[in-house]
Amino acid sequence: MPIQPQVQNFAIDATLVTDLVAQYGSPLLMLDCDQVRDQYLALAEALPGVRLHYALKPLPHPAVVRTLLQLGACFDLATSGEIALVREQGVPAECTIHTHPIKRRSDIADALEYGCQVFVVDNLNELAKFREFAEQAEVLIRLSFRNSEAYADLSKKFGCSPADAMSLIRQAQHWGIRVKGLSFHVGSQTANADKYVAAIQACKQLMDDVVAEGLPALSCLDIGGGFPVSYASNQVDIRAFCAPINAALAELPETVQRIAEPGRFIVAGAMTCVASVMGQAQREGRTWYYLDDGIYGSFSGLMFDMACYPLRTLKTADEVYPSVLAGPTCDSIDVICDAVELPKLEDGDLVITRMMGAYTSATATDFNFFKRATTVVLNEVIQLHQAEFGS
Ligand SMILES: Cc1ncc(COP(=O)(O)O)c(C=O)c1O
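Residues numbered from 1 in each chain as written. Predicted model: local features only at pLDDT ≥ 70, side-chain atom pairs only at ≥ 80, totals over all residues. Heavy atoms only, no water.

> Explain the state of the cysteines to me, please; I cannot follow it from the model alone.
Disulfides are covalent bonds that connect the sulfur atoms of two cysteines. Within this structure, the stated rule accounts for zero disulfides. With no disulfide of its own, cysteine 160 has cysteine 203 as its nearest cysteine by sulfur position, at a separation of 9.9 Å. Take cysteine 160: its relative accessible area is 6%, and that puts it in the buried class. In this structure cysteine 308 is a free cysteine whose sulfur lies 9.4 Å from that of cysteine 337, the closest cysteine sulfur available. Residue classification places cysteine 308 among the partly exposed positions, given a relative accessible area of 22%. (Disulfide = S-S within 2.5 Å. Buried < 20%, exposed > 50% of the residue type's maximum accessible area, 1.4 Å probe, protein only.)

Following this line, the structure appears as structure tokens:
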């Protein structure tokens, strides 16, 4: 059984939710771009002098891209599909980097054709792919710093040691490939800023070693994503979290450009999921409620991301009963939470889950032909409503 969502009595606009379900059906994901804007601005303020490239993967939605573009954000891309999305939204290619450490030749060619010129490599096989693109492209070498505390320890799958990075830099020099700098990702939902500090210090040492060896100085450090959110209350003091990171960055030469690739922090709080009870059954003293969204849909993050979402029913009552919330598919693994106290629900009643913006719809499937939740952009529907009916 994956991590279970927790019941929490958060505030909800019941009229808005029921109106939207009446209009767009269920399941629904309500996307609030004001939250995206607030989180972006909070992180930008907490990391002065660091250029933020929103990593599209947790929520590759056009409205998120438009919101961030208006704020002057940059973007972190990993696939040709992500390139197509930002391109459609009019993102200038100079504001993008391509950070997938493993690429087909066609992926590199697609990105270059768009105009994205900065790529990430972490091994010789990958570096060699840039010999034919040496005129147009430059690379960041990705380092690995293991982090067992993170939701996803990305350094297990990608990145190289500082010693291997040095060999790659020498080889790049030999092949005439420009090395722009270094990158790392300390792991998603990293609660401890020390991980960034240690990584930045190791990168600084490597940058010094590069200069000492007479190789061209590196001009960029990409500190990746991983910035945490609180699934319990959505309140992380991001300024306090980033203070030691800023102190470590201050030790780098001023000429080194600082960038980051936040994903989850920007979007986790921006989506709320609304699912409906499809049916119910009594089993072993508990009521099983079968919802129209589940592990194979918006709740895929329970499996892939280990996120612990806060949920509640729209209906409130003093009496609660031992209940199970299950997803709609025929698979027995499709259970959202199996030990939860809920009011007595009727078929059609709504279950609301917060903090569903990151790694939810992005990793949902169509298993069993249950349709994925419709995403409704709140800011757009509210504007439409105001235009139609006045404020
Ligand atoms: C290369 C890269 N950059 C950025 C991110 C975003 O990380 P997070 O959502 O933890 O901020 C990821 C997540 O997988 C990633 O792989």
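> Explain the nonpolar core to me, please; I cannot follow it from the model alone.
When a protein is soluble and globular, its nonpolar side chains tend to lie buried together. Counting residues in each nonpolar core, the largest one holds 109 residues, and the members touching the most others are Ile141, Leu182, Phe184, Leu221, Phe227 and Ile245. Broken down by element, this core gets its largest block of residues, eight residues, from helix 8 (residues 194-212). Three or more residues apiece are contributed to this core by two domains, here domain 1 (6-30 + 269-389) and domain 2 (34-267). The contacts of phenylalanine 227, once residues within four sequence positions are left out, are Leu43, Leu47, Gln189, Tyr196, Ile238, Phe241, Cys242, Ile245, Ala260, Pro262, Arg264 and Phe265. By size, the runner-up hydrophobic cluster in this structure holds 13 residues, among which are Leu28, Val274, Leu350 and Val376. (Core = buried A, V, L, I, M, F, W, Y, C linked by side-chain atoms within 4.5 Å. Helix = DSSP H or I, 4+ residues; strand = E, 2+ residues; numbered from the N terminus. Domains from an automatic or database assignment. Contact = heavy atoms within 4.5 Å.)

> Hey, could you run me through helix 3 (residues 62-70) in this one?
All of the buried residues in helix 3 are Ala63, Val64, Val65, Thr67 and Leu68. Within two residues after helix 3, glycine 72 carries a phi angle of roughly 85°, on the positive side.

> What should I look at first to understand the side chain of threonine 360 in this one?
With respect to the helices, strands and loops of the structure, threonine 360 is situated in the loop between strand 16 (350-353) and strand 17 (374-377). A polar contact of 2.6 Å, which involves the side chain of threonine 360, links it to the backbone oxygen of methionine 356. (Polar contact = N/O pair within 3.5 Å; in protein donor to acceptor, adjacent residues only side chain to side chain.)

> Explain the UniProt feature "active site" (unreviewed entry) in the protein chain here, please?
As recorded in UniProt, the sites labelled "active site" (unreviewed entry) are Cys330. As for its placement among the helices and strands, cysteine 330 is situated in the loop between strand 14 (321-326) and strand 15 (335-342). (UniProt positions renumbered as here; feature names shortened; annotations may be inferred.)

> Help me understand the UniProt feature "modified residue: N6-(pyridoxal phosphate)lysine" (unreviewed entry) in the protein chain in this model?
Under the local residue numbering, the UniProt record ascribes the feature "modified residue: N6-(pyridoxal phosphate)lysine" (unreviewed entry) to Lys57. Tracing the sequence through the fold places lysine 57 in the loop between strand 3 (50-55) and helix 3.

> Which parts of the structure should I look at to understand the site of the ligand?
Around the ligand, the structure places 15 residues, and the nearest of them are Ser188, Gly226, Glu261, Arg264 and Tyr359. At 2.9 Å from an oxygen atom of the ligand is found a main-chain nitrogen or oxygen belonging to glycine 226. Compared with its free state, where it exposes 400 Å², the ligand has 92% of that area covered by protein. (Near = heavy atom within 4 Å. Areas by Shrake-Rupley, 256 points an atom, 1.4 Å probe, with all protein chains shown as cover.)

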